[in-house]
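# Coordinate analysis (summary)
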Amino acid sequence: MDADNTATSQLRQRVLRTLSFREPDLCPYYIWIDPEMEGPLARHYGDSDFRKTIIQDHVVMAEIRALEHPLGGTLYRDDFGVIIRKGNIPHVEQPALSEPDLGGYRFPELSSEKHLGHIGPWAAENVERYRIVNLVEMFSERTWFIRGFEESMTDFYLNQRFMEELLDGLLAVCLDTLEALLQRFGDRIDAVGMTEDAGSEQSMILGPDLWRRMIKPRLAQIYRRIRKAGKKGYFHSCGHIRPIVPDLIDIGVDMIQPLQPEAMDIFELKREFGRDLCLVGGISTQKTLPFGTPQDVIREIDRCLGEMAAGGGYILAPAKPLLPGVPLANAVALIDRFVSQNGGPR
């Protein structure tokens, strides 16, 4: 059990308040930072531990994912039997299934100590923060790895019986992993999420009707178990997912992230769903942060604080990490504005 002091910490309390659609004294936030940016930022602040002394992330996240088994060089085979080449974006060298046939295929078990053992120390280290555990690339995204992206897209239309069986197998993996997580660490986490990239920059990857028929009923089972355990349901998807936002609310999702403003009108989402969903993210990491000025960064943050954070239901964050292409002055402007929020506690 947590030794969570005498009361819920101020950082967690702000998140809990905004999740109940009440406006806290300061908008809760977190900041993703690419490792290559940490050195320049540490030198700027004159503090190698600036992630703890300057930034007070209200939300922290941990991941559970398939393990990597090295094959030499940059290649590895993961628990699902997929051969992947490491890089800035992992590349599937060889899918696990060359044909739409599950004959002889065994789904992995992802609830061992090797898969879950890091959650305990992480939860203890972050007892004052709101803790979210994400099941990464385990469900609908995993079909792209097991069959290859183009093949899986074809299977969704031409080999639907196979795809139903594949999704059912992946659902069982998710539910088994979720059950083990909740049994071992349920008293030390606040929310559980799924990484389920469903959108490209301009549209959904699967059409909304097909997503509702193939994906939604199975995701609903996962979020039903999360809610039964008294945890909040977190949903990560990049890109344009506006057509299915009502469906996510319907199946019990409480929080969606990262809100890419290049792909969706985040202010319209706030107006339409701001009393049903906590919205997380929204600061442009494709345009404003790499190509704007510090003043542009501050203006974008201030608009989010003024409109997205009004009435609660919003967690301030960049849509993606602060990457090496972001000018240092822009990264510093974001951090300083997040932390101070026009004179708030630092």
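Look above for the structure.
What you see is a predicted model, and the numbers here were worked out from it, not measured in a lab.

Parameters and conventions
- Residues numbered from 1 in each chain as written.
- Predicted model: local features only at pLDDT ≥ 70, side-chain atom pairs only at ≥ 80, totals over all residues.
- Heavy atoms only, no water.
- Helix = DSSP H or I, 4+ residues; strand = E, 2+ residues; numbered from the N terminus.
- Rg over C-alpha atoms; globule rule 2.2 N^0.38 Å.
- Buried < 20%, exposed > 50% of the residue type's maximum accessible area, 1.4 Å probe, protein only.
- Contact = heavy atoms within 4.5 Å.
- Pairing = 2+ DSSP bridges.
- Axes fitted to C-alpha atoms, helices over the stretch in contact; angles between N-to-C directions.
- Salt bridge = Lys/Arg side-chain N within 4 Å of Asp/Glu carboxyl O.
- Lys, Arg positive; Asp, Glu negative; His and termini not counted.
- Polar contact = N/O pair within 3.5 Å; in protein donor to acceptor, adjacent residues only side chain to side chain.

Right, let's get into the overall build of the protein chain. Helices and strands together make up the secondary structure of the protein chain, namely 15 helices and eleven strands. Taking 346 residues into account, the globule formula puts the C-alpha radius of gyration at 20 Å, and the protein chain, at 20 Å, falls close to it. Projecting the C-alpha coordinates of the protein chain onto the three principal axes gives extents of approximately 60 × 45 × 45 Å. The buried share of the protein chain, reckoned over its 346 residues, is 55%. Within the protein chain, counting contacts between residues at least 6 apart in sequence, those at least 24 apart form 71% of the total.

To continue, consider the sheet that holds strand 2 (residues 68-72). Here we have four strands laid out as an open sheet, ordered 2-3-4-5, and antiparallel in their pairing. Either end of the sheet is taken by a strand with one partner, and the two such strands are strand 2 and strand 5 (91-94). Across the sheet, the mean angle separating the axes of adjacent strands is 40 degrees when strand polarity is ignored. Relative to strand 5, strand 4 (residues 83-85) runs antiparallel, the two being bridged by three bridges. In the strand pairing of strand 5, Ile-83 is matched with Gln-94.

The strands that make up a sheet are held in pairs by hydrogen bonds between backbone atoms, and each pair lies either parallel or antiparallel. Read across the sheet, seven strands follow the order 1-6-7-8-9-10-11 without closing on themselves; strand pairing throughout is parallel. Every other strand in the sheet has two partners, leaving strand 1 (59-64) and strand 11 (314-318) as the edge strands with one partner each. With direction set aside, neighbouring strand axes in the sheet form an average angle of 25 degrees. Two strands pair when backbone bridges link them, and strand 8 (residues 232-236) and strand 9 (residues 255-257) are joined in this way by three bridges, in the parallel orientation. Of the residues in strand 9, the one forming a bridge with Phe-235 is Ile-256. Strands in contact with helix 1 (residues 10-19) are strand 1, strand 6 (130-135), strand 8, strand 9, strand 10 (278-283) and strand 11; relative to strand 6, the strand with the most contacts, it is inclined by about 70 degrees.

Counted by the stated rule, this structure contains 26 salt bridges. Salt-bridge contacts for Asp-187 lead to Arg-188; the nearest nitrogen and oxygen are separated by 3.1 Å. Asp-187 sits in the partly exposed class, given a relative accessible area of 33%. Members of the salt-bridge network, linked through shared partners, are Asp-209, Arg-212, Lys-216, Asp-247 and Asp-250.

Once that is clear, we can look at the side chain of Arg-129. Here Arg-129 lies in the loop between helix 5 (119-125) and strand 6. Put simply, Arg-129 is tucked away with no salt bridge, and the nearest opposite charge, on Glu-128, sits 4.9 Å away. Looking at Arg-129, its side chain comes within polar contact range of the main-chain oxygen of Asp-57, at 2.7 Å. Setting aside residues up to four positions removed in sequence, Arg-129 forms contacts with Ser-9, Leu-11, Arg-12, Ile-55, Gln-56, Asp-57, His-58, Val-60 and Asp-190.

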